[in-house]
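Listed below are the residues making up each chain.
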Amino acid sequence: MRKRNESVTVEHERAAAAAVPGPLDKGCSLRQSLRLPASAAAEGMKRPLGRRYGLWFRLRKLILWLLGVYIAIPFLVKLCPAIQAKLVFLNFVRVPYFIDLKRPQDQGLNHTCNYYLQPEEDVTIGVWHTVPAALWKNARGKDQLWFEEALGSSHPVILYLHGNAGTRGGDHRVELYKVLSSLGYHVVTFDYRGWGDSIGSPSERGMTYDALHVFDWIKARSGDNPVYIWGHSLGTGVATNLVRRLCERETPPDALILESPFTNIREEARSHPFSIYRYFPGFDWFFLDPITTSGIKFANDENVKYISCSLLILHAEDDPVVPFHLGKKLYNIAATSRSFRDYKVQFVPFHTDLGYRHKYIYRSPELPRILR
């Protein structure tokens, strides 16, 4: 019995000794025991490679999709010129939102009355009339008839024609009305058909006719008081259209003021900093020709050749929307035009350091002196 136990013990010790590696192969055995199976290692390598491939595939798909949209847009604009017209007018962009245009006092214009005029059948335009600040106390609580009669007071009148997008209640426009009112002017402004709460479809012809209707409405009430026309941005195109027509019928305004003007809509579209397609092959054919097809020209450079009244051009050097060089070019055309030989033509630049950009010239402390 004792022998049998001893033999079992000896066999157990021999098996244990065989299981313990010797000093030479101890490291190799440990490395082998730590090694992953070949299939597991391959699977671990495939996972990061698969993630990287999937990310690149999605990125490439997105790039191809954006490229397709970029290429498709010019063809879409060419086939549907109305799209380009919408981009020129931007009348569907109504900023600031949620304001009641019937209540100009909500915008701090306590001496302003809201009217509605009808230039044509099925067309109604919303008008604001701000009296000079000197009449502020008298204007409180007065009705439309009082405001209309006030146009006959001994104060000059400015008909303001705003640019594209927004309404007559835009923030920078309201601030300009306040400045001009403080300088002793009546300010009459309106939303063209299709803008704000005005009814009708926008077009260059319609915008010009709306401006003509408001001008005649003012002249019928202002007597011998001077009437000046002030156009800003796209409104400069409406302003020169209007003044050319007034000069042709021999009823010119007392002066024309153009703020941030361009030469014509084609050059403005070509020079616009937001025009990402300007280097696109066939840019004129795809984008500019549809504008002309829609009847949109706003040819300030042609109109000034037929205008006979004093002209003042205001333009900021850092204007990011209408490049400064277009305003300067328009001035050079007007200054050499025979129609201005008996009238003063002035160009007033505003240095980049002032930061007036496209719509903040009203902040200039020099503006009262310039207008005088």
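Residues numbered from 1 in each chain as written. Predicted model: local features only at pLDDT ≥ 70, side-chain atom pairs only at ≥ 80, totals over all residues. Heavy atoms only, no water.

1. Focus: the overall build of the protein
Helix and strand counts for the protein come out as 14 helices and eight strands. Per-residue burial for the protein yields a buried fraction of 44% across its 372 residues. Long-range pairs, those at least 24 residues apart, make up 74% of the contacts in the protein with a sequence separation of at least 6. Per element, the accessible surface of the protein, about 20200 Å² overall, is 57% carbon and sulfur. (Helix = DSSP H or I, 4+ residues; strand = E, 2+ residues; numbered from the N terminus. Buried < 20%, exposed > 50% of the residue type's maximum accessible area, 1.4 Å probe, protein only. Contact = heavy atoms within 4.5 Å. Areas by Shrake-Rupley, 256 points an atom, 1.4 Å probe, with all protein chains shown as cover.)

2. Looking at the environment of Leu109
Looking at the element boundaries, Leu109 is found in the loop between helix 4 (81–89) and strand 1 (112–120). As a C-alpha pair, Leu109 and Trp128 span 19 residues in sequence and 9.8 Å in three-dimensional space. In contact with Leu109, not counting residues within four places along its chain, are Pro104, Trp128, Val174, Tyr177 and Lys178.

3. Digging into helix 13 (residues 324–335)
Helix length check: helix 13 (12 residues) gives 17 Å between terminal C-alpha atoms against 16 Å at 1.5 Å per residue, within 8%. Of the residues making up helix 13, those classed as buried are Leu326, Gly327, Leu330, Tyr331 and Ala334. Angularly, the buried residues of helix 13 cover 140° about the axis, an arc narrow enough to put them on a single face. Contact partners of the buried residues in helix 13: strand 6 (255–259), helix 10 (265–271), helix 12 (300–303), strand 7 (310–316) and strand 8 (345–350). (Expected span 1.5 Å × (residues − 1). Arc of directions from axis to C-beta.)

4. Here we look at the nonpolar core
Counting 62 residues, the largest nonpolar core has Phe89, Leu159, Leu161, Phe190, Ile229, Leu256 and Phe298 as the members making the most contacts within it. Grouped together as the second largest cluster of nonpolar side chains are 25 residues, Ile158, Val174, Leu180 and Tyr362 included. (Core = buried A, V, L, I, M, F, W, Y, C linked by side-chain atoms within 4.5 Å.)

5. A closer look at the pairing of strand 3 (residues 157–161)
Among the five residues that make up strand 3, five are buried, leaving the element largely enclosed by the rest of the structure. Neither face of strand 3 is exposed, since Val157, Leu159 and Leu161 on one face and Ile158 and Tyr160 on the opposite face are all buried. Of the strand pairs in this sheet, strand 3 and strand 4 (residues 186–190) are connected by four bridges, and their pairing is parallel. Bridge assignment links Ile158 to a residue of strand 4, and that residue is Val187. In terms of handedness, the path from strand 3 via helix 7 (residues 171–182) over to strand 4 forms a crossover that is right-handed. Where strand 3 and strand 5 (residues 227–232) come together, five bridges link them in parallel fashion. Bridge assignment links Ile158 to a residue of strand 5, and that residue is Tyr228. (Pairing = 2+ DSSP bridges. Right-handed = clockwise from strand over helix to strand, strands pointing away.)

6. Concerning the packing of aromatic side chains
Centre-to-centre distance and the angle between the planes together describe a pair of aromatic rings. Summed over the entire model, instances satisfying the criterion amount to 12 aromatic pairs. Aromatic pair Phe350 and Tyr356: ring centres 5.7 Å apart, planes at 65°, arrangement edge-to-face. We classify Phe350 as buried; its relative accessible area is 5%. The ring of Trp146 is capped by Lys142, whose NZ or CZ atom sits 5.7 Å from the centre of that ring. (Phe/Tyr/Trp six-rings, centres within 6.5 Å; stacked < 30°, edge-to-face > 60°. Lys NZ or Arg CZ within 6 Å of the ring centre and 35° of its normal.)

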